[in-house]
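Here's the letter readout for the chains.
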Amino acid sequence: QVRLVESGGGLVQPGGSLRLSCAASGSFFSIYTMAWYRQAPGKQRELVARIRSDGTTNYADSVKGRFTMSRDNAKNTVYLKMNSLKPEDTAVYYCFREGGSGFWGQGTQVTVAS
């Protein structure tokens, strides 16, 4: 019954910006910690950003100062604003809802290239 749908990915030049969104179905969205992960080809999936129900966030060192995660509980949606994008940010970005075994979105491709 829980479904997470990411959107907003695409091709962007280095130094550009992009905003990802994750729309969640199901009840009690506001109580769950949400996260963004990413996975590049041949690499492990890594945590990018995380936001708790009280709005506190944490970020991977590689994206601190460039990415901002936020949530709009009224819309059951979380966002990832990505600025100053680098080629090494290229990956499939996944939305994740904590709680129980957790729930994953299908992912959205972000490609940073000239």
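Values in this document were obtained by computation on a predicted structure and should not be read as measured data.

Colleague: Describe the overall build of the protein chain, and please don't skip the residues or the numbers.
Modeller: The helix and strand tally for the protein chain stands at zero helices and 11 strands. Helices and strands in the protein chain line up, N terminus first, as β-β-β-β-β-β-β-β-β-β-β. Against the 2.2 N^0.38 benchmark of 13 Å for 114 residues, the protein chain shows a C-alpha radius of gyration of 13 Å, consistent with a compact globule. Each of the three principal axes of the protein chain carries a C-alpha extent, and together these read 40 × 25 × 20 Å. Looking at the protein chain as a whole, 41% of its 114 residues are labelled buried. A total of about 6000 Å² of accessible surface is found on the protein chain, and carbon and sulfur atoms cover 48% of it. The averaged location of the 8 negative side-chain charges in the protein chain is 3 Å from the averaged location of its 14 positive side-chain charges.

Colleague: Tell me about the pairing of strand β11 (residues 108-112), and name the residues and values.
Modeller: The alternating pattern of β11 places Thr 108, Val 110 and Val 112 on a buried face, while none of Gln 109 and Thr 111, on the opposite face, is buried. In terms of strand pairing, strand β2 (residues 10-12) meets β11 through three bridges, oriented parallel. Paired with Gly 10 across the bridge in β11 is Val 110. Examined bridge by bridge, strand β9 (residues 91-97) and β11 share three bridges and lie antiparallel to one another. Looking at β11, one finds that Tyr 93 is bridged to Thr 108.

Colleague: Which residues make up the state of the cysteines, and what are the values?
Modeller: In this structure the tally under the stated criterion is one disulfide. The partner cysteine of Cys 22 in its disulfide is Cys 95, sulfur to sulfur 2.1 Å. Measuring handedness by torsion sign, the sulfur bridge of Cys 22 and Cys 95 sits at about -85° and is left-handed. Note that Cys 22 is positioned in strand β3 (residues 18-24) and Cys 95 in strand β9, a separation of 73 residues in sequence.

What counts and what doesn't
Residues numbered from 1 in each chain as written. Predicted model: local features only at pLDDT ≥ 70, side-chain atom pairs only at ≥ 80, totals over all residues. Heavy atoms only, no water. Helix = DSSP H or I, 4+ residues; strand = E, 2+ residues; numbered from the N terminus. Rg over C-alpha atoms; globule rule 2.2 N^0.38 Å. Buried < 20%, exposed > 50% of the residue type's maximum accessible area, 1.4 Å probe, protein only. Areas by Shrake-Rupley, 256 points an atom, 1.4 Å probe, with all protein chains shown as cover. Lys, Arg positive; Asp, Glu negative; His and termini not counted. Charge placed at Lys NZ, Arg CZ, Asp CG, Glu CD. Pairing = 2+ DSSP bridges. Disulfide = S-S within 2.5 Å.

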